[in-house]
Amino acid sequence: MSDIVCAECGEPAELKCSACKLVAYCGKEHQKKHWKTHKILCRPFEIAEDPEIGKCLVATRDLKPGDTILAELPVVYGPRPHMVEEGPVPCPGCCRLIIGESSARCEGCDFPICNPDCKGLKDMDKHGHECMILGLRDIRAINGLHEFYRQDVLLALRCLLLQNRQPKKFAQLMEMESHMERRGENTEVYKDIESRVVSYLLDNFFAPLRILEGRSGKQVLQDVSRETIHKICGIIDVNALEINQDAEVSALYPTAYLMEHSCVPNTTHLFENEPNGYKITIKAALHIQSGEHITTMYTHCLWGTQARREHLRETKYFSCKCKRCCDPTELGSYLSALRCIGTDGEPCGGTQLPIDPIDDDTEWACDKCNVKLTNAEVCFLVNGIGEEVDNVQLSNPTVRELDALLNKMLTFLHQNHYHVYAVKHSLIQLYGYQQGYTPSQITDDCLIKKATMCRELLDITRKVDPGNARLPLYLGVILHELYLANWIMIKRKWDRGIKTKVKSVVLMLQESQHCLEQVREVLKNEINTPAGEKLISLIETSTKEFNKFIERNKIDLSAPIKEKAKEDETENEETKENGT
Ligand SMILES: C[S@@+](CC[C@H](N)C(=O)[O-])C[C@H]1O[C@@H](n2cnc3c(N)ncnc32)[C@H](O)[C@@H]1O
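An unreviewed UniProt entry lists the protein chain under the name Protein msta, from Rhamnusium bicolor.

Below is the structure:
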């Protein structure tokens with residue numbers, strides 16, 4: 001009999017707490033009962049204070065990839081701030097995107113809604129409470145919908161509304177970092193928030209509220225000062241996490257917000273839409289040793305160091321000095337590297353890298369010749385190319401157009417540069433699909449090119465995101481496209497009679513199988529996202545097709561490639577097999 005006993009009743013137990021694995025229970029019921037006591041001890045981290053970072057989370061025991069670090073519900077959540085000025089808007093009840101112009105309206109406040117039965121409309125933690133305030137504006141808009149109904153202020157309003165209903169949560173929120181010292185009256189961000197959020201709320205809703213409060217003698221909201229609204233907007237900008245599932249939501253979490261940034265984060269997180277909010281679960285993405293800081297990523301993993309650091313400085317007010325930022329090669333990925341143009345227009349074949357990547361005025365030097373570039377020259381070149389890439393990508397380009405752009409870019413940029421990565425990632429999703437390149441039309445050369453690009457992208461993606469913390473969808477697409485490139489080629493070769501006696505076919509089959517196995521693992525935290533769901537369904541179809549082929553042709557992929565296997569298909573005429 002097991003000598004592990006239930007922490008609640010002392011009876012033999014087998015069910016271990018999945019987070020800390022330090023206590024066990026005889027069943028779910030006792031685990032639930034014991035949670036109040038255990039939750040204080042359960043967490044595998046402590047909150048520490050760092051002179052540079054502020055409060056942060058530090059592991060108190062070793063963690064391995066996949067271990068749960070924390071799971072919690074938000075203090076508050078709502079439609080994402082800083083929305084685009086046109087297009088669909090979030091329903092204030094459920095945050096799902098709707099077409100404001102043609103949608104139903106909330107009977108309380110007239111804001112566009114998904115439908116009058118939306119459960120969130122009456123829920124006091126969602127639209128229920130704010131609706132009373134929003135309904136105080138008596139005029140109704142026919143035109144200028146986006147100016148009149150500003151769903152992007154609703155999260156700030158929900159934060160303000162906590163002060164009377166849930167003062168503890170409000171206090172928790174106001175403890176968070178707002179960086180008001182960097183968002184003073186003369187800053188652009190202050191002016192933007194002042195006109196977009198503060199004046200909008202004060203003029204339209206809080207002014208009539210104050211009149212009403214005066215008449216009734218009852219205070220609904222204590223503090224609606226400009227200062228407090230600005231601080232709340234600072235707190236949202238610095239701490240809110242974005243949730244991109246069925247809706248565009250931002251949420252503030254009571255503990256998760258303490259995770260510091262690293263451009264090589266050691267955690268990943270997923271969200272589950274539960275009746276009382278979007279639960280976040282944070283898991284280790286890499287091995288984390290006791291004493292190590294627990295990190296996440298606040299910026300874009302596929303941007304080069306200068307772009308990431310600038311973004312972090314402007315939005316989160318600090319200069320990143322993580323190991324990726326400090327390494328001129330960005331962990332061997334060469335994501336920011338340029339090709340050296342050499343002297344007299346003759347490229348030397350070398351690579352230009354920043355001498356000191358965390359110095360904003362760094363010089364760039366070639367690893368082969370003595371050509372140096374100023375940072376201003378590099379920025380001018382990279383930004384110019386970036387704009388061209390954006391314009392071409394937005395124009396729904398053909399394979400030819402993207403191919404031409406890629407060739408042009410490769411004169412100046414390293415083959416792994418992040419702008420090149422973006423173009424290649426688009427190209428691999430056009431080869432095999434676009435008219436002229438469908439599976440029956442695409443040439444062998446293009447298929448080889450697609451597979452080669454996929455392998456290059458895989459290598460870069462793994463270097464910049466070793467824990468698959470930030471790029472599961474990118475990686476999932478690459479793995480699936482590599483599988484498809486191989487699959488079309490395998491079928492072609494098979495039809496030509498070139499079968500498993502040729503080494504390249506066996507290698508392609510093995511790589512295809514490996515891709516399908518890996519992609520399922522890579523996407524395991526993406527089951528709740530629409531893009532993840534779609535990709536997983538495509539992969540299921542591909543897996544069935546592949547397995548059927550393997551079975552039908554009695555192929556044993558675990559067997560070592562036979563010594564006798566021919567190196568290439570030029571010898572195929574002799575290798576034709578019958579009937580398999
Ligand atoms: C979401 S908050 C994290 C909690 C915060 N440290 C606190 O004390 O409340 C983000 C802020 O933490 C600090 N921070 C996070 N990661 C950092 C890093 N890698 N280096 C320096 N400061 C960092 C910055 O001030 C940033 O604006």
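Draft legend 1. Structural view of the sheet that holds strand β18 (residues 351-354). Read across the open sheet, the four strands follow the order β17-β18-β19-β20; overall the sheet is antiparallel. Edge positions in the sheet fall to β17 (338-339) and β20 (372-373), since each of these pairs with one other strand and no more. Of the strand pairs in this sheet, strand β19 (residues 364-366) and β20 are connected by two bridges, and their pairing is antiparallel. When the sheet's bridge partners are listed, W364 is paired in β20 with L373.

Draft legend 2. Seen up close, the nonpolar core. Core analysis: the biggest nonpolar cluster contains 77 residues, and A156, L173, I229, A251 and L252 have the highest contact counts within it. If you count residues domain by domain, this core takes at least three from each of domain 2 (43-73 + 253-296) and domain 3 (76-252). Apart from residues no more than four positions distant in its own chain, L252 is found in contact with P74, V75, V76, L173, I236, N239, A240 and Y257. The next biggest cluster of nonpolar side chains, apart from the first, holds 60 residues, and it includes A337, I442, L482 and M489.

Draft legend 3. Region of the structure containing the sheet that holds strand β12 (residues 248-252). Judged by pairing direction, the sheet is antiparallel, and its three strands sit side by side in the order β6-β12-β11 without closing on themselves. Either end of the sheet is taken by a strand with one partner, and the two such strands are β6 (76-79) and β11 (241-244). On average, each strand axis in the sheet is inclined to that of its neighbour by 30 degrees, with strand direction left out of account. Here β6 pairs with β12 via four bridges, running antiparallel. Across the sheet, residue V76 finds its bridge partner in β12, namely L252.

Draft legend 4. Local environment of unusual backbone geometry. Even without glycine at this site, C95 takes up a positive phi of about 70 degrees. Within the secondary structure, C95 is located in the loop between β7 (89-90) and β8 (97-98). We note that K554 has phi near 50 degrees; this positive angle belongs to a residue other than glycine. Tracing the chain through its elements places K554 in the loop between α16 (530-552) and α17 (572-575). C-beta crowding within 10 Å serves as the criterion here: with 8 such atoms nearby, K554 is assigned to the exposed category.

Draft legend 5. Representation of the site of the ligand. Taken together, the neighbourhood of the ligand is formed by 18 residues, with G54, K55, E177, E260 and F318 sitting nearest. Listed by contribution, the elements that provide at least two residues to the shell around the ligand are β4 (54-59), α7 (226-239) and β13 (260-261). When grouped by side-chain class, the residues that make up the shell around the ligand number nine nonpolar, four polar and five charged. Split by domain, the residues of the shell around the ligand number at least three in each of domain 2 (43-73 + 253-296) and domain 3 (76-252).

Rules behind the numbers
Residues numbered from 1 in each chain as written. Predicted model: local features only at pLDDT ≥ 70, side-chain atom pairs only at ≥ 80, totals over all residues. Pairing = 2+ DSSP bridges. Helix = DSSP H or I, 4+ residues; strand = E, 2+ residues; numbered from the N terminus. Core = buried A, V, L, I, M, F, W, Y, C linked by C-beta atoms within 7 Å. Buried ≥ 20, exposed ≤ 12 C-beta atoms within 10 Å, placed from the backbone. Domains from an automatic or database assignment. Contact = placed C-beta atoms within 7 Å. Axes fitted to C-alpha atoms, helices over the stretch in contact; angles between N-to-C directions. Near = placed C-beta within 6 Å. Nonpolar A, V, L, I, M, F, W, Y, C, P; charged D, E, K, R; others polar.

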